[in-house]
Amino acid sequence: MDTTTAGAPGTPYWAQLGSPDPQSAAAFYGALFGWAFTEDPARGPGHLTARLRGLPVAVLGPVGDLPRPGWTACFTVDDTDKAAASVVAAGGSVLARAPYRTDAGGGEDLYADPSGAHFAVREPDARQAPSAAAGPGGFALAELITDDVDASAAFYGALFGWTAGDPAGPLGRREWRLDGTAVSLLLPRPAAMPREIPPYWDAHFTVTDVSAATARATSAGGTLLMPSTDIGSGSIAVLLDPTGAVFTLVEPR
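Structure report, in brief. (Residues numbered from 1 in each chain as written. Predicted model: local features only at pLDDT ≥ 70, side-chain atom pairs only at ≥ 80, totals over all residues. Heavy atoms only, no water.)

In this section: the packing of helix α1 (residues 22-33) against helix α4 (residues 210-219). Remark: α1 packs on α4, axes separated minimally by 9 Å, with the N-to-C direction vectors making an angle of 150°. With respect to α4, the axis of α1 lies roughly antiparallel. Every pair of crossing elements has a handedness; the one defined by α1 and α4 is right-handed. Listed contacts from α4 to Phe28, Ala31 and Leu32 of α1 are Ala213, Arg216 and Ala217. Split by residue class, the contact of α1 with α4 holds 5 nonpolar, no polar and 1 charged. (Axes fitted to C-alpha atoms, helices over the stretch in contact; angles between N-to-C directions. Helix = DSSP H or I, 4+ residues; strand = E, 2+ residues; numbered from the N terminus. Parallel < 35°, antiparallel > 145°, perpendicular 65-115°, else oblique. Left-handed = near helix turned anticlockwise from the far one by under 90°. Contact = heavy atoms within 4.5 Å. Nonpolar A, V, L, I, M, F, W, Y, C, P; charged D, E, K, R; others polar.)

Printed below as a string of structure tokens:
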């Protein structure tokens, strides 16, 4: 699923990392994915844009307004002001509105859904669209891990027009679809996931060989949380980066 294309409203745009040490995180992900980094002064001190094959693929920066360190999935909307009103009307909360805008959009607004899972939205910006950063090392998709599938489906359905498919596989994973196209995933909390971990959006990144990528990650200081596991459409592994952020590697079948 190519979710790096900045297209219709409600589609994933990219992922953003809030880290206590963005420079250390950049060294880790650079070694893992081959990302190069440029400073992004419009966002403030310490922010970096990750580039893959010369194109933007992710943003790294301080934790800032996030409730905790970690990756944040960012989705495209037509109008961020209308999106803010829709989030509140659907029971979510505003964490931060972007202090800057560009003529072509730009600037991410940060929200929490009713369960507390944080996510971002932005208007499309053709000058930064990471559509060609798909493939190995690129942002593959986002998956919400939730304690209440029905409430999550209702919230994001109202906000983005998504519909949740039928549960599949031993964990009951569902596809979120927009106009018939899969855009994200929805996963009930797995039994092995500690209860103290709150619901969250997990960022998945594409690799060609999940076992080899896991070895690179652990040798660069990452921690393996779940070894390579077949999920039907491919294999995934879940890791913790050296600064405390969870992420997932996915090798599509």
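Moving on from the model shown.
Attention now goes to helix α3 (residues 149-160). Over its 12 residues, α3 runs 16 Å from end to end, which matches the ideal 16 Å to within 8%, given 1.5 Å per residue. Looking at where α3 begins, the residue whose side-chain oxygen comes 3.3 Å from the main-chain nitrogen of Asp150 is Asp148. At the C-terminal side of α3, Gly161 shows a positive phi close to 80°. (Expected span 1.5 Å × (residues − 1). Polar contact = N/O pair within 3.5 Å; in protein donor to acceptor, adjacent residues only side chain to side chain.)

With respect to the element layout, His204 can be found in strand β13 (residues 200-206). Looking at His204, the relative accessible area reads 2%, which means it is buried. Within the local environment of His204, its side chain forms a polar contact with the side chain of Asp202, the two groups lying 3.4 Å apart. Once residues within four sequence positions are removed from consideration, His204 is found in contact with Gly138, Phe139, Ala140, Leu141, Glu143, Thr248 and Val250. (Buried < 20%, exposed > 50% of the residue type's maximum accessible area, 1.4 Å probe, protein only.)

What follows covers the sheet that holds β13. Backbone-to-backbone hydrogen bonds pair the strands of a sheet. The strands run either parallel or antiparallel. Taken together, 8 strands build an open sheet; the order of strands is β10-β11-β12-β9-β13-β16-β15-β14 and the sheet is mixed. Each edge of the open sheet is held by one strand with a lone partner, namely β10 (163-164) and β14 (223-230). Pairing geometry for strand β9 (residues 139-146) and β13, over 6 bridges, is antiparallel. When the bridges of β13 are listed, Glu143 appears paired with Asp202. α1 rests against β13 and β16 (246-252) of the sheet, and its axis sits at about 10° to β16. Across the face of the sheet, α4 comes into contact with β14, β15 (234-240) and β16 while running at roughly 10° to β15. (Pairing = 2+ DSSP bridges.)

A word on the side chain of His118. Secondary-structure assignment places His118 in strand β8 (residues 118-122). Since its relative accessible area comes to 6%, His118 is described here as buried. A distance of 3.0 Å separates the side chain of His118 from the side chain of Thr72, its partner in a polar contact. Residues within four places of His118 in sequence aside, it is in contact with Leu66, Pro67, Arg68, Trp71, Thr72, Leu95, Leu110, Tyr111, Ala112 and Trp201.

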